[in-house]
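Structure assessment
One-letter residues, chain by chain:
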Amino acid sequence: MKPRADVVALVIGLLSLLLAALGLWAAWGTVSWASVGLAVPLCLVAIGVLGLLASRHRI
Amino acid sequence: MTLEPLVRDRDRAVIGGVSGAVARSAGLDPQLVRIGFVLLALFTGGVGVFGYLALWGLTPSRTDGLVPLRRWLPFTRTWSPFALVASVLGACLILGSILTGSGVGTIIVVLLVITLLRGSGYRRTASAPVPRPEPRTPFERLSLDWDQRLTNVDSGLPAEWDPDATASSLSVSLPADVVGSPVHRRVGRRSWFGVLIGVGLVWFACTGLTMLGVEVPVLAWTSGTLAVLAIALVNSARPARAALGRPPLLATVTVLTALMTASLLVSDVASQAWGAKAQVSTGPAPAVTSGLTDLSLGEHTLDFTDTPIEADSEVTYDMLAGEITLRVPRTGNVVVTSTVDAGNINGLIRDHEGMHLSETWRRIDDPTQPTLTIHLRLRAGEITVVQP
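Given the structure is predicted, the values throughout are model-derived calculations rather than measurements.

Rules used throughout
Residues numbered from 1 in each chain as written. Chains lettered and ligands numbered in written order. Predicted model: local features only at pLDDT ≥ 70, side-chain atom pairs only at ≥ 80, totals over all residues. Heavy atoms only, no water. UniProt positions renumbered as here; feature names shortened; annotations may be inferred. Helix = DSSP H or I, 4+ residues; strand = E, 2+ residues; numbered from the N terminus. Salt bridge = Lys/Arg side-chain N within 4 Å of Asp/Glu carboxyl O. Buried < 20%, exposed > 50% of the residue type's maximum accessible area, 1.4 Å probe, protein only. Phe/Tyr/Trp six-rings, centres within 6.5 Å; stacked < 30°, edge-to-face > 60°. Pairing = 2+ DSSP bridges. Contact = heavy atoms within 4.5 Å. Buried area = accessible area lost by both parts, 1.4 Å probe.

1. Comments concerning the UniProt feature "transmembrane region" (unreviewed entry) in chain A
Residues and elements named next belong to chain A. Feature annotation in UniProt assigns "transmembrane region" (unreviewed entry) to the following positions: residues 7-28 and 34-54. Annotated as residues 7-28, this span is 100% helix and 0% strand, and its ends, taken at the C-alpha atoms, are 32 Å apart. Helix and strand shares over residues 34-54 are 100% and 0% respectively, and the end C-alpha atoms of the span are 31 Å apart.

Given below as C-alpha coordinates:
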(Lines give C-alpha, C1' and ligand atoms only; values in the text may rest on other atoms or scores of the structure.)
Protein backbone atom coordinates (compact mmCIF):
# COMPACT_ATOMS: atom_id res chain seq x y z
CA MET A 1 0.00 0.00 0.00
CA LYS A 2 1.41 3.37 -1.05
CA PRO A 3 2.14 5.61 1.96
CA ARG A 4 -0.12 8.66 2.27
CA ALA A 5 0.70 12.17 3.36
CA ASP A 6 -0.55 13.48 6.71
CA VAL A 7 -2.91 16.12 5.30
CA VAL A 8 -3.76 17.87 8.58
CA ALA A 9 -0.08 18.28 9.49
CA LEU A 10 0.70 19.45 5.96
CA VAL A 11 -2.00 22.13 5.96
CA ILE A 12 -1.18 23.33 9.49
CA GLY A 13 2.52 23.43 8.62
CA LEU A 14 2.02 25.42 5.42
CA LEU A 15 -0.35 27.90 7.09
CA SER A 16 2.13 28.36 9.94
CA LEU A 17 4.93 28.87 7.42
CA LEU A 18 2.88 31.58 5.71
CA LEU A 19 2.21 33.31 9.02
CA ALA A 20 5.88 33.06 10.02
CA ALA A 21 6.96 34.65 6.72
CA LEU A 22 4.48 37.49 7.24
CA GLY A 23 5.70 37.96 10.82
CA LEU A 24 9.36 38.13 9.75
CA TRP A 25 8.46 40.65 7.02
CA ALA A 26 6.52 42.82 9.51
CA ALA A 27 9.34 42.61 12.07
CA TRP A 28 12.09 43.86 9.77
CA GLY A 29 10.38 45.66 6.93
CA THR A 30 7.36 47.64 5.88
CA VAL A 31 4.58 45.33 4.84
CA SER A 32 2.79 46.25 1.67
CA TRP A 33 -0.68 45.32 2.80
CA ALA A 34 -2.09 45.73 -0.69
CA SER A 35 0.23 42.93 -1.83
CA VAL A 36 -0.61 40.86 1.23
CA GLY A 37 -4.30 41.32 0.55
CA LEU A 38 -3.76 39.82 -2.88
CA ALA A 39 -1.19 37.13 -2.04
CA VAL A 40 -2.75 35.64 1.10
CA PRO A 41 -6.05 34.55 -0.50
CA LEU A 42 -4.11 33.03 -3.40
CA CYS A 43 -1.85 31.14 -0.97
CA LEU A 44 -4.85 29.92 1.03
CA VAL A 45 -6.49 28.62 -2.12
CA ALA A 46 -3.25 26.91 -3.16
CA ILE A 47 -2.87 25.27 0.27
CA GLY A 48 -6.47 24.14 0.17
CA VAL A 49 -6.06 22.61 -3.27
CA LEU A 50 -2.84 20.91 -2.13
CA GLY A 51 -4.66 19.48 0.88
CA LEU A 52 -7.46 18.18 -1.33
CA LEU A 53 -4.99 16.57 -3.73
CA ALA A 54 -3.05 14.99 -0.86
CA SER A 55 -6.21 13.56 0.69
CA ARG A 56 -7.35 11.72 -2.40
CA HIS A 57 -7.38 7.97 -1.93
CA ARG A 58 -4.97 6.21 -4.21
CA ILE A 59 -5.46 2.52 -4.98
CA MET B 1 -25.84 14.43 33.46
CA THR B 2 -24.90 10.94 32.35
CA LEU B 3 -23.32 10.42 28.96
CA GLU B 4 -21.89 7.45 27.08
CA PRO B 5 -18.13 6.97 27.51
CA LEU B 6 -15.98 9.31 25.40
CA VAL B 7 -14.12 7.29 22.78
CA ARG B 8 -12.45 8.73 19.66
CA ASP B 9 -12.79 6.98 16.32
CA ARG B 10 -9.72 7.92 14.26
CA ASP B 11 -11.16 6.39 11.08
CA ARG B 12 -14.01 8.91 11.03
CA ALA B 13 -12.07 11.83 12.50
CA VAL B 14 -11.79 15.17 10.70
CA ILE B 15 -9.00 16.40 12.96
CA GLY B 16 -8.69 14.36 16.16
CA GLY B 17 -12.09 12.73 16.45
CA VAL B 18 -13.05 14.75 19.54
CA SER B 19 -16.25 16.15 18.04
CA GLY B 20 -17.30 12.69 16.93
CA ALA B 21 -16.61 11.30 20.40
CA VAL B 22 -18.65 14.04 22.10
CA ALA B 23 -21.45 13.59 19.56
CA ARG B 24 -21.66 9.82 20.09
CA SER B 25 -21.48 10.29 23.84
CA ALA B 26 -24.31 12.84 23.92
CA GLY B 27 -26.33 11.46 21.02
CA LEU B 28 -25.86 14.56 18.84
CA ASP B 29 -24.98 15.20 15.20
CA PRO B 30 -21.15 15.44 14.88
CA GLN B 31 -21.43 18.43 12.52
CA LEU B 32 -23.36 20.34 15.19
CA VAL B 33 -20.68 19.52 17.72
CA ARG B 34 -17.96 20.70 15.31
CA ILE B 35 -19.84 23.97 14.75
CA GLY B 36 -20.23 24.24 18.52
CA PHE B 37 -16.46 23.92 19.03
CA VAL B 38 -15.81 26.61 16.43
CA LEU B 39 -18.32 28.97 18.05
CA LEU B 40 -16.85 28.21 21.49
CA ALA B 41 -13.40 29.13 20.20
CA LEU B 42 -14.74 32.37 18.69
CA PHE B 43 -16.72 33.51 21.72
CA THR B 44 -14.05 32.63 24.28
CA GLY B 45 -11.24 34.40 22.41
CA GLY B 46 -9.61 31.17 21.25
CA VAL B 47 -9.66 29.31 24.57
CA GLY B 48 -12.03 26.75 23.05
CA VAL B 49 -9.05 25.46 21.06
CA PHE B 50 -7.30 24.55 24.30
CA GLY B 51 -10.44 22.71 25.43
CA TYR B 52 -10.44 20.71 22.19
CA LEU B 53 -6.76 19.89 22.61
CA ALA B 54 -7.32 18.85 26.23
CA LEU B 55 -10.12 16.49 25.23
CA TRP B 56 -7.96 15.17 22.39
CA GLY B 57 -5.16 14.31 24.77
CA LEU B 58 -7.44 12.78 27.40
CA THR B 59 -9.90 10.76 25.29
CA PRO B 60 -8.90 7.20 24.45
CA SER B 61 -9.00 5.90 20.90
CA ARG B 62 -11.46 3.18 19.88
CA THR B 63 -8.84 1.00 18.24
CA ASP B 64 -6.34 0.64 21.04
CA GLY B 65 -8.03 2.21 24.06
CA LEU B 66 -4.92 4.25 24.87
CA VAL B 67 -5.08 7.85 26.08
CA PRO B 68 -2.79 9.87 23.77
CA LEU B 69 -1.17 11.81 26.61
CA ARG B 70 -0.11 8.60 28.31
CA ARG B 71 1.37 7.40 25.04
CA TRP B 72 3.26 10.61 24.31
CA LEU B 73 4.35 11.25 27.91
CA PRO B 74 5.40 7.88 29.39
CA PHE B 75 5.91 9.38 32.85
CA THR B 76 2.14 9.96 33.12
CA ARG B 77 1.30 6.27 32.86
CA THR B 78 1.52 5.84 36.60
CA TRP B 79 -0.65 8.88 37.30
CA SER B 80 -4.26 8.48 38.37
CA PRO B 81 -6.98 9.75 35.98
CA PHE B 82 -7.69 12.62 38.40
CA ALA B 83 -4.04 13.74 38.44
CA LEU B 84 -3.81 13.55 34.65
CA VAL B 85 -7.01 15.56 34.08
CA ALA B 86 -6.06 18.11 36.75
CA SER B 87 -2.62 18.63 35.15
CA VAL B 88 -4.05 19.07 31.66
CA LEU B 89 -6.78 21.46 32.79
CA GLY B 90 -4.28 23.43 34.87
CA ALA B 91 -2.02 23.81 31.81
CA CYS B 92 -5.05 24.90 29.72
CA LEU B 93 -6.02 27.42 32.40
CA ILE B 94 -2.57 28.97 32.48
CA LEU B 95 -1.96 28.97 28.72
CA GLY B 96 -5.47 30.13 27.89
CA SER B 97 -5.35 33.04 30.32
CA ILE B 98 -1.89 34.14 29.24
CA LEU B 99 -2.26 33.78 25.48
CA THR B 100 -5.82 34.98 25.03
CA GLY B 101 -6.35 37.13 28.11
CA SER B 102 -9.86 35.77 28.32
CA GLY B 103 -10.19 34.69 31.95
CA VAL B 104 -13.93 34.11 31.78
CA GLY B 105 -13.59 32.16 28.54
CA THR B 106 -10.91 29.96 30.08
CA ILE B 107 -13.09 29.14 33.08
CA ILE B 108 -16.07 28.33 30.85
CA VAL B 109 -14.00 25.96 28.71
CA VAL B 110 -12.45 24.23 31.73
CA LEU B 111 -15.87 23.72 33.32
CA LEU B 112 -17.20 22.33 30.03
CA VAL B 113 -14.33 19.85 29.75
CA ILE B 114 -14.81 18.74 33.37
CA THR B 115 -18.56 18.28 32.77
CA LEU B 116 -17.98 16.18 29.65
CA LEU B 117 -15.36 13.99 31.32
CA ARG B 118 -17.34 13.47 34.51
CA GLY B 119 -20.58 12.87 32.67
CA SER B 120 -18.96 10.23 30.51
CA GLY B 121 -17.45 8.42 33.48
CA TYR B 122 -13.85 9.28 32.64
CA ARG B 123 -12.59 7.95 35.94
CA ARG B 124 -13.88 4.50 35.07
CA THR B 125 -12.98 4.43 31.38
CA ALA B 126 -9.57 6.11 31.45
CA SER B 127 -8.06 3.32 33.50
CA ALA B 128 -9.63 0.48 31.55
CA PRO B 129 -9.06 -0.02 27.86
CA VAL B 130 -12.08 0.04 25.55
CA PRO B 131 -12.75 -3.54 24.47
CA ARG B 132 -12.78 -4.21 20.78
CA PRO B 133 -16.07 -5.50 19.37
CA GLU B 134 -16.16 -9.27 19.05
CA PRO B 135 -16.22 -10.38 15.38
CA ARG B 136 -19.27 -12.40 14.47
CA THR B 137 -18.08 -13.87 11.17
CA PRO B 138 -14.69 -14.93 9.77
CA PHE B 139 -14.86 -11.97 7.36
CA GLU B 140 -15.39 -9.53 10.28
CA ARG B 141 -12.45 -11.10 12.14
CA LEU B 142 -10.17 -10.72 9.10
CA SER B 143 -11.44 -7.17 8.57
CA LEU B 144 -10.79 -6.15 12.20
CA ASP B 145 -7.35 -7.77 12.13
CA TRP B 146 -6.45 -5.91 8.94
CA ASP B 147 -7.78 -2.65 10.40
CA GLN B 148 -5.64 -3.20 13.51
CA ARG B 149 -2.53 -3.91 11.39
CA LEU B 150 -3.03 -0.66 9.44
CA THR B 151 -3.52 1.28 12.69
CA ASN B 152 -0.36 -0.28 14.12
CA VAL B 153 1.67 0.78 11.07
CA ASP B 154 0.23 4.32 11.18
CA SER B 155 1.15 4.56 14.85
CA GLY B 156 4.69 3.32 14.29
CA LEU B 157 4.04 -0.01 16.03
CA PRO B 158 4.86 -3.46 14.65
CA ALA B 159 2.09 -4.68 12.34
CA GLU B 160 1.47 -7.77 14.49
CA TRP B 161 1.13 -5.80 17.77
CA ASP B 162 -1.98 -6.84 19.69
CA PRO B 163 -3.55 -4.12 21.92
CA ASP B 164 -5.54 -6.70 23.89
CA ALA B 165 -2.33 -8.25 25.13
CA THR B 166 -0.82 -4.94 26.21
CA ALA B 167 -3.64 -2.51 27.14
CA SER B 168 -4.10 -3.91 30.63
CA SER B 169 -0.47 -3.94 31.55
CA LEU B 170 2.16 -1.25 31.86
CA SER B 171 5.14 -3.59 31.83
CA VAL B 172 4.96 -4.44 28.16
CA SER B 173 8.07 -5.61 26.42
CA LEU B 174 7.88 -3.64 23.21
CA PRO B 175 10.97 -2.94 21.14
CA ALA B 176 12.86 0.02 22.53
CA ASP B 177 12.60 2.06 19.34
CA VAL B 178 8.78 1.79 19.16
CA VAL B 179 6.53 4.62 20.35
CA GLY B 180 4.55 3.44 23.36
CA SER B 181 7.28 1.26 24.79
CA PRO B 182 8.07 2.03 28.42
CA VAL B 183 11.75 2.12 27.55
CA HIS B 184 11.22 3.99 24.29
CA ARG B 185 14.00 6.37 23.57
CA ARG B 186 12.91 8.80 20.90
CA VAL B 187 15.87 9.26 18.65
CA GLY B 188 16.27 10.25 15.03
CA ARG B 189 13.17 10.99 13.08
CA ARG B 190 10.55 10.90 15.85
CA SER B 191 12.33 12.94 18.47
CA TRP B 192 12.39 16.65 19.22
CA PHE B 193 16.19 16.75 18.84
CA GLY B 194 16.30 18.17 15.31
CA VAL B 195 13.50 20.65 15.99
CA LEU B 196 15.18 21.91 19.16
CA ILE B 197 18.47 22.33 17.26
CA GLY B 198 16.66 24.41 14.63
CA VAL B 199 14.90 26.57 17.23
CA GLY B 200 18.20 26.98 19.08
CA LEU B 201 19.93 28.19 15.92
CA VAL B 202 17.18 30.78 15.34
CA TRP B 203 17.44 32.03 18.91
CA PHE B 204 21.25 32.07 18.65
CA ALA B 205 21.01 34.17 15.47
CA CYS B 206 18.58 36.61 17.12
CA THR B 207 20.85 36.90 20.16
CA GLY B 208 23.87 37.46 17.94
CA LEU B 209 22.10 40.23 16.04
CA THR B 210 21.08 41.87 19.32
CA MET B 211 24.68 41.82 20.53
CA LEU B 212 25.76 43.42 17.24
CA GLY B 213 23.41 46.31 17.91
CA VAL B 214 20.60 45.28 15.55
CA GLU B 215 17.14 45.66 17.04
CA VAL B 216 15.36 42.31 17.03
CA PRO B 217 11.65 42.70 17.85
CA VAL B 218 9.76 40.03 19.77
CA LEU B 219 7.78 39.31 16.62
CA ALA B 220 11.01 38.20 14.93
CA TRP B 221 11.76 35.71 17.73
CA THR B 222 8.32 34.12 17.57
CA SER B 223 8.17 34.16 13.76
CA GLY B 224 11.57 32.47 13.51
CA THR B 225 10.52 29.81 16.01
CA LEU B 226 7.26 29.29 14.15
CA ALA B 227 9.11 28.92 10.86
CA VAL B 228 11.26 26.10 12.29
CA LEU B 229 8.25 24.31 13.79
CA ALA B 230 6.29 24.70 10.56
CA ILE B 231 9.13 23.27 8.46
CA ALA B 232 9.41 20.31 10.85
CA LEU B 233 5.65 19.73 10.64
CA VAL B 234 5.58 19.88 6.83
CA ASN B 235 8.59 17.54 6.70
CA SER B 236 6.84 15.05 8.98
CA ALA B 237 3.73 15.16 6.79
CA ARG B 238 5.49 13.77 3.74
CA PRO B 239 4.30 10.29 2.71
CA ALA B 240 7.69 8.76 3.46
CA ARG B 241 7.68 10.22 6.99
CA ALA B 242 3.98 10.22 7.87
CA ALA B 243 3.89 6.49 8.61
CA LEU B 244 6.74 6.88 11.08
CA GLY B 245 4.96 9.56 13.11
CA ARG B 246 6.32 12.89 14.25
CA PRO B 247 7.66 14.33 17.50
CA PRO B 248 4.87 14.21 20.06
CA LEU B 249 2.81 17.40 20.44
CA LEU B 250 4.63 19.04 17.49
CA ALA B 251 1.35 20.09 15.87
CA THR B 252 0.04 21.43 19.18
CA VAL B 253 3.17 23.48 19.89
CA THR B 254 3.11 24.79 16.30
CA VAL B 255 -0.51 25.93 16.61
CA LEU B 256 0.16 27.62 19.96
CA THR B 257 3.21 29.41 18.54
CA ALA B 258 1.14 30.48 15.52
CA LEU B 259 -1.52 31.95 17.82
CA MET B 260 1.15 33.86 19.71
CA THR B 261 2.74 35.14 16.49
CA ALA B 262 -0.65 36.16 15.09
CA SER B 263 -1.54 38.11 18.23
CA LEU B 264 1.81 39.93 18.17
CA LEU B 265 1.37 40.69 14.46
CA VAL B 266 -2.13 42.07 14.96
CA SER B 267 -1.05 44.26 17.88
CA ASP B 268 1.95 45.47 15.84
CA VAL B 269 -0.25 46.41 12.88
CA ALA B 270 -2.87 48.04 15.12
CA SER B 271 -0.24 50.18 16.85
CA GLN B 272 1.16 51.27 13.47
CA ALA B 273 -2.31 52.18 12.19
CA TRP B 274 -3.13 54.11 15.35
CA GLY B 275 0.11 56.03 15.05
CA ALA B 276 -0.50 56.75 11.38
CA LYS B 277 -3.24 59.33 11.85
CA ALA B 278 -1.59 61.40 9.17
CA GLN B 279 -2.70 64.93 8.49
CA VAL B 280 -1.79 66.40 5.15
CA SER B 281 -0.77 69.98 5.80
CA THR B 282 -3.68 72.39 6.25
CA GLY B 283 -1.42 75.43 5.86
CA PRO B 284 0.16 75.81 2.46
CA ALA B 285 -1.93 73.98 -0.11
CA PRO B 286 -0.46 70.64 -1.24
CA ALA B 287 1.01 70.58 -4.70
CA VAL B 288 -1.08 68.69 -7.22
CA THR B 289 0.98 65.83 -8.59
CA SER B 290 -0.69 63.62 -11.15
CA GLY B 291 -0.51 59.91 -10.57
CA LEU B 292 -1.24 57.31 -7.90
CA THR B 293 -0.45 57.87 -4.23
CA ASP B 294 -0.66 54.95 -1.78
CA LEU B 295 -1.84 56.06 1.63
CA SER B 296 -0.84 54.06 4.70
CA LEU B 297 -3.41 52.61 7.09
CA GLY B 298 -5.03 55.18 9.34
CA GLU B 299 -6.83 58.49 9.00
CA HIS B 300 -5.87 61.00 6.31
CA THR B 301 -7.10 64.50 5.60
CA LEU B 302 -6.45 65.80 2.08
CA ASP B 303 -6.91 69.55 2.19
CA PHE B 304 -7.15 71.10 -1.28
CA THR B 305 -9.06 74.15 0.00
CA ASP B 306 -6.52 76.72 -1.19
CA THR B 307 -4.93 74.66 -3.95
CA PRO B 308 -4.78 76.60 -7.25
CA ILE B 309 -5.87 74.66 -10.34
CA GLU B 310 -3.44 75.78 -12.98
CA ALA B 311 -3.74 72.90 -15.46
CA ASP B 312 -5.87 69.84 -16.14
CA SER B 313 -4.66 67.23 -13.68
CA GLU B 314 -5.78 63.90 -12.29
CA VAL B 315 -4.69 62.52 -8.93
CA THR B 316 -5.52 59.17 -7.39
CA TYR B 317 -5.30 58.22 -3.72
CA ASP B 318 -5.45 54.51 -2.86
CA MET B 319 -5.76 53.11 0.67
CA LEU B 320 -6.38 49.66 2.09
CA ALA B 321 -8.28 50.56 5.25
CA GLY B 322 -9.03 53.69 7.26
CA GLU B 323 -10.66 57.07 6.80
CA ILE B 324 -10.10 59.72 4.14
CA THR B 325 -11.43 63.24 4.49
CA LEU B 326 -11.17 65.35 1.32
CA ARG B 327 -11.61 69.12 1.36
CA VAL B 328 -12.18 70.17 -2.25
CA PRO B 329 -10.74 73.45 -3.64
CA ARG B 330 -12.71 76.52 -2.77
CA THR B 331 -12.81 77.66 -6.42
CA GLY B 332 -12.25 76.09 -9.80
CA ASN B 333 -13.48 73.05 -11.68
CA VAL B 334 -13.34 69.86 -9.63
CA VAL B 335 -14.44 66.29 -10.22
CA VAL B 336 -14.27 63.87 -7.28
CA THR B 337 -14.77 60.12 -7.72
CA SER B 338 -15.05 58.10 -4.50
CA THR B 339 -15.00 54.30 -4.43
CA VAL B 340 -15.31 52.16 -1.28
CA ASP B 341 -15.41 48.35 -1.30
CA ALA B 342 -16.93 48.14 2.18
CA GLY B 343 -17.82 51.10 4.37
CA ASN B 344 -19.34 54.56 3.98
CA ILE B 345 -19.19 57.47 1.63
CA ASN B 346 -20.28 60.76 3.19
CA GLY B 347 -20.43 62.66 -0.05
CA LEU B 348 -21.64 66.04 -1.19
CA ILE B 349 -24.60 64.44 -2.98
CA ARG B 350 -25.74 61.95 -0.32
CA ASP B 351 -24.44 59.50 2.29
CA HIS B 352 -24.05 55.83 1.39
CA GLU B 353 -23.25 52.82 3.51
CA GLY B 354 -22.59 49.24 2.43
CA MET B 355 -20.42 47.42 -0.10
CA HIS B 356 -19.09 48.35 -3.54
CA LEU B 357 -20.03 52.02 -3.18
CA SER B 358 -19.20 54.66 -5.74
CA GLU B 359 -20.03 58.35 -6.13
CA THR B 360 -18.94 61.03 -8.56
CA TRP B 361 -19.33 64.71 -7.68
CA ARG B 362 -18.67 67.53 -10.16
CA ARG B 363 -18.41 71.28 -9.82
CA ILE B 364 -17.73 73.05 -13.13
CA ASP B 365 -17.60 76.80 -12.47
CA ASP B 366 -16.08 77.72 -15.86
CA PRO B 367 -15.81 75.08 -18.63
CA THR B 368 -12.94 76.98 -20.24
CA GLN B 369 -10.79 76.69 -17.13
CA PRO B 370 -8.66 73.61 -16.21
CA THR B 371 -10.21 70.81 -14.18
CA LEU B 372 -8.80 68.95 -11.20
CA THR B 373 -9.96 65.31 -11.05
CA ILE B 374 -9.48 63.50 -7.76
CA HIS B 375 -10.00 59.73 -7.47
CA LEU B 376 -10.33 58.24 -3.98
CA ARG B 377 -10.12 54.41 -3.71
CA LEU B 378 -10.62 52.77 -0.33
CA ARG B 379 -11.00 49.02 0.33
CA ALA B 380 -12.58 49.32 3.77
CA GLY B 381 -13.48 52.41 5.74
CA GLU B 382 -15.01 55.82 5.30
CA ILE B 383 -14.60 58.59 2.72
CA THR B 384 -15.88 62.07 3.60
CA VAL B 385 -15.93 64.83 0.99
CA VAL B 386 -16.30 68.35 2.34
CA GLN B 387 -16.84 71.59 0.45
CA PRO B 388 -15.48 74.65 2.28
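Now that the structure has been shown, the text picks up again.
2. Examining the pattern of salt bridges
Residue and element names in this part refer to chain B. In the structure shown here, the tally under the stated rule is five salt bridges over all chains. A salt bridge links Arg-330 to Asp-306, with the nearest nitrogen and oxygen atoms 3.1 Å apart. With Arg-330 in the loop between β3 (313-327) and β4 (333-346) and Asp-306 in the loop between β2 (298-303) and β3, this residue pair connects regions lying 24 residues apart in the sequence. We classify Arg-330 as partly exposed; its relative accessible area is 48%. With a shortest N-O distance of 3.9 Å, Arg-377 and Asp-318 are connected by a salt bridge. Residue Arg-377 is found in strand β6 (residues 371-386), and its partner Asp-318 is found in strand β3; the two are separated by 59 residues along the sequence.

3. A look at the packing of aromatic side chains
All names here are of chain B. One pass over the structure, following the stated rule, counts three aromatic pairs over all chains. On the numbers, 5.3 Å between centres and 85 degrees between planes, the contact of Phe-37 with Tyr-52 is edge-to-face. One end of the pair, Phe-37, is in helix α2 (residues 30-43); the other, Tyr-52, is in helix α3 (residues 47-58), with 15 residues separating them in the sequence. Classification of Phe-37 by relative accessible area gives buried; the value is 13%. Judged by its relative accessible area of 13%, Tyr-52 is buried. Ring centres of Phe-304 and Tyr-317 lie 6.4 Å apart, and the angle between their planes is 65 degrees; on these two criteria the pair is classed as edge-to-face. Note that Phe-304 is positioned in the loop between β2 and β3 and Tyr-317 in strand β3, a separation of 13 residues in sequence. As far as the burial class goes, Phe-304 and Tyr-317 line up, both buried. Grouping aromatic residues by their ring pairs yields a cluster made of Phe-37, Tyr-52 and Trp-56.

4. Observations concerning helix α1 (residues 18-26) of chain B
All names here are of chain B. Among the nine residues in α1, seven count as buried, and that is most of the element. Of the residues making up α1, those classed as buried are Val-18, Ser-19, Gly-20, Ala-21, Val-22, Ala-23 and Ser-25. Directly beyond the C-terminal end of α1, a positive phi value near 70 degrees is found at Gly-27.

5. Considering the pairing of β6(B)
All names here are of chain B. Pairing of β3 with β6 involves 14 bridges; the strand directions are parallel. For Ala-321, the partnering residue across the bridge sits in β6 and is Ala-380. Direction of pairing for β4 relative to β6: parallel, over a ladder of 13 bridges. Paired with Ala-342 across the two strands is Ala-380, which belongs to β6.

6. With respect to the interface of chain A and chain B
Counting residues at the interface gives 23 residues for chain A and 31 residues for chain B. Of the roughly 2,100 Å² buried between chain A and chain B, counting both surfaces, carbon and sulfur atoms make up 81%. Among the residues of chain A in contact with chain B, A:Leu19, A:Trp28 and A:Trp33 are the three that bury the most area, contributing 26% of the side total. On the surface where chain A and chain B come into contact, there are zero salt bridges.

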